[in-house]
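Structural features, examined
The primary structure of each chain is shown beneath.
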Amino acid sequence: EVHFVWDWRQFGTQSLMSPEMACWQGPCLWVHNNASFSPQDFDNITKLGASAKLAKASRGGSRASQVGRFGLGFNAVYGMTDLPSILSDDVVLFLDP
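About the cut-offs
Residues numbered from 1 in each chain as written. Predicted model: local features only at pLDDT ≥ 70, side-chain atom pairs only at ≥ 80, totals over all residues. Heavy atoms only, no water. Helix = DSSP H or I, 4+ residues; strand = E, 2+ residues; numbered from the N terminus. Buried < 20%, exposed > 50% of the residue type's maximum accessible area, 1.4 Å probe, protein only.

1. Structural notes on unusual backbone geometry
Along the chain, G26 connects to P27 via a cis peptide bond; the corresponding omega equals -10 degrees. Along the chain, the position of P27 falls in the loop between β1 (2-7) and β2 (28-33). The phi dihedral of D89 is positive, around 55 degrees, even though this residue is not glycine. When you line up the elements, D89 lands in the loop between β3 (85-88) and β4 (91-94). Accessibility expressed as a relative area gives 62% for D89, which makes it exposed.

Right, dumping it as structure tokens:
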């Protein structure tokens with residue numbers, strides 16, 4: 001199950017850890033689903049085109065329970081945003097291409 005929420009709010013930039021983080025202060029599109037990233041998912045998302053899921057699938061393994069199993073890949077989000085961020089369980093990842 002996936003939920004989309006457009007958040008029009010904007011927040012101040014004076015107390016950020018770095019001036020570069022001003023880009024993440026809104027507005028934004030929140031996308032929430034009922035899946036969590038595994039450590040392997042976080043590793044894969046930082047390696048362009050080097051997915052362990054591809055190797056697993058080529059060996060006949062199942063991808064049914066993996067994040068991103070539909071084949072579009074995370075890079076599809078760059079059609080919607082220049083600065084994707086991921087919050088999964090207790091990990092946050094900011095991607096600034």
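Don't stop here, the text continues.
2. Focus on the environment of T81
By the element assignment, T81 lies in the loop between α2 (52-58) and β3. Using a relative accessible area of 28% as the deciding quantity, one classes T81 as partly exposed. Considering only alpha carbons, one finds T81 and C28, 53 residues apart in sequence, at a separation of 8.8 Å.

The quantities given are spatial measurements derived from coordinates; they are silent on function.
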